[in-house]
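Commentary on secondary and tertiary structure
This is what each chain is made of:
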Amino acid sequence: MNKLAVKLDELEIDFELRSTKTVVQGDSATGKTYVYELLHSEYGISSLFFINYHDVEAESNAKMICETLRKMRNKIIIIDQANDVFDTCSELENIVDRDINNHYILMGRTLRIHHNISDMAELEIKNGKASLKYLFPLPL
Amino acid sequence: MFRGIIKEKGVKDMLKLYTESEIPKNRVRETVPWRNYFRKYKITKYLDESDKHIVDVVEKTSLVNNETIQGKFSDMPIGIGSLSEGCKTLLCINHAIKMGEIDKYIFNITSCGGNAISYLATEMAEGSDVIAYLSHGNFGSSLYCNIQINDGTTIYKDATLASNKYIDILLEDTDE
């Protein structure tokens, strides 16, 4: 099991990642984008890579991101607004779907990406700590 | 137990949902409303009590002024752009309702989680029909909404039943 653990001034983030695709869904306003932005702005570690809708709005930029992802290895890639990102760039969706070299944290709902139901989680922010609450247990 | 009701003449003002293949062609399709509509129509210029209520209930925080909200996690004022995409989508739909232009649009509400869709179905689709589409099936758990799917004859009062039906259609569409 992989882990994304980091202590920021505002929040301690402690995510257990069960496999290469973790889908974080749940109600609106539970803090998905908040966590994404916190990590993006403050966590200057090269093992993370970030993508959101703004990054793929321009076709040329989306193509560049696709090229970058194809070459990437052993990173944790966090995609916010994943539904809108994939609706805008289906090539990116295909790359993520097939990629087994990186870990993805996908903030989105009912994605077409192949994943196990045991990889579906909701974000929980409580007492200054953000963690993932998985909706289903790991298969035996 | 069947908690839907068959459409009658008097039943109006509901949340009308469509799956991808059934989306009406005669409407302006807002694919990413929280980004495009929100900016294009300068939503924050027109915020009123009904928008405040949306932010209170869905975002569970408060508007400080038209450009600022009380940060929910940071406990300090932050820009209104930090609202969740689901909440911003509802503000866009509310704007279209207030401008009397809701009949022009079909909104993508995929960004809305169950709590936002519940609010949309029970609070906003009351004075006017709201037309929308989405790619998931979490409509919350309200028992007091009016949801119609793909112009069907059943109007669902129970959001869970509506979402079950919607998921069935999504799965059928995927199989095809």
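Anyway, here's the lowdown on the structure attached to this text. (Residues numbered from 1 in each chain as written. Chains lettered and ligands numbered in written order. Predicted model: local features only at pLDDT ≥ 70, side-chain atom pairs only at ≥ 80, totals over all residues. Heavy atoms only, no water.)

What follows is about the sheet that holds strand E2 (residues 12–17) of chain A. Residue and element names in this part refer to chain A. Strands sit in the order E1-E2-E8-E7-E3-E6-E5-E4 across an open sheet of eight strands; the sheet is mixed. With partners counted over all chains shown, the strands left at the sheet margins are strand E1 (2–7) and strand E4 (48–51), one partner each. Sheet twist, expressed as the average angle between the axes of neighbouring strands with direction ignored, equals 25°. Taken together, the four bridges between E4 and strand E5 (residues 76–79) define a ladder with parallel strand orientation. Bridge assignment links Phe49 to a residue of E5, and that residue is Ile77. Along the sheet face, helix H3 (residues 59–71) touches E4, E5 and strand E6 (103–107) and points at about 155° away from the line of E4. (Pairing = 2+ DSSP bridges. Helix = DSSP H or I, 4+ residues; strand = E, 2+ residues; numbered from the N terminus. Axes fitted to C-alpha atoms, helices over the stretch in contact; angles between N-to-C directions. Contact = heavy atoms within 4.5 Å.)

Attention now moves to the packing of aromatic side chains. Residue and element names in this part refer to chain B. Here the structure, examined in full by the defined rule, presents eight aromatic pairs over all chains. Between Tyr37 and Tyr105, the ring centres sit 5.4 Å apart and the planes meet at 80°, which makes this aromatic pair edge-to-face. In this pair, Tyr37 is assigned in helix H1 (residues 36–40) and Tyr105 in strand E7 (residues 105–108), connecting sequence segments 68 residues apart. Tyr105 shares its class with Tyr37; the two are buried. One aromatic cluster in this structure is built from Tyr37, Tyr41, Tyr105 and Phe107. The ring of Tyr133 is capped by Arg29, whose NZ or CZ atom sits 4.7 Å from the centre of that ring. Between the NZ or CZ atom of Lys88 and the centre of the ring of Phe38, over which it lies, the distance is 5.6 Å. (Phe/Tyr/Trp six-rings, centres within 6.5 Å; stacked < 30°, edge-to-face > 60°. Buried < 20%, exposed > 50% of the residue type's maximum accessible area, 1.4 Å probe, protein only. Lys NZ or Arg CZ within 6 Å of the ring centre and 35° of its normal.)

On to H3 of chain A. Residue and element names in this part refer to chain A. Given a rise of 1.5 Å per residue, 13 residues ought to cover 18 Å, and the 19 Å separating the end C-alpha atoms of H3 matches this to within 8%. Where H3 is concerned, the buried positions are Ala62, Ile65, Cys66 and Leu69. Along the axis of H3, the buried residues cluster in a sector spanning 105°; they form a single face. Along H3, the residues that are exposed and aim more than 90 degrees away from the buried face are Ser60, Met64 and Lys71. (Expected span 1.5 Å × (residues − 1). Arc of directions from axis to C-beta.)

This part covers the side chain of Asp84 of chain A. Summarising the element assignment, Asp84 of chain A is placed in helix H4 (residues 82–88). Salt bridges are absent for the buried Asp84 of chain A, whose nearest opposite-charge side chain, Arg109 of chain A, sits at 8.0 Å. With residues up to four places along the chain from it excluded, the contact list for Asp84 of chain A reads Tyr53 of chain A together with Thr31, Val32, Trp34, Asn108 and Ser111 of chain B. (Lys, Arg positive; Asp, Glu negative; His and termini not counted. Salt bridge = Lys/Arg side-chain N within 4 Å of Asp/Glu carboxyl O.)

Residues and elements named next belong to chain B. Here helix H2 (residues 49–59) has its buried residues at Asp51, Ile54, Val55, Val58 and Glu59. Projected down its long axis, H2 shows its buried positions confined to an angular sector of 95°, all on one face. The elements touched by buried residues of H2 are strand E4 (63–65), helix H3 (85–98) and helix H4 (114–124). Lys60 sits one or two residues past H2 and shows a positive phi near 55°.

The topology assignment puts Lys25 of chain B in the loop between strand E2 (15–18) and strand E3 (28–30). By relative accessible area, Lys25 of chain B is classed as exposed at 76%.

All names here are of chain B. Spatially, three strands are ordered E4-E5-E6 in an open sheet, and the strand pairing comes out antiparallel. Sheet topology places E4 and strand E6 (77–79) at the edges, where each strand pairs with a single neighbour. Looking at each pair of strands side by side, their axes are set apart by 40° on average, direction ignored. Examined bridge by bridge, E4 and strand E5 (residues 68–70) share two bridges and lie antiparallel to one another. When the sheet's bridge partners are listed, Leu63 is paired in E5 with Ile69.

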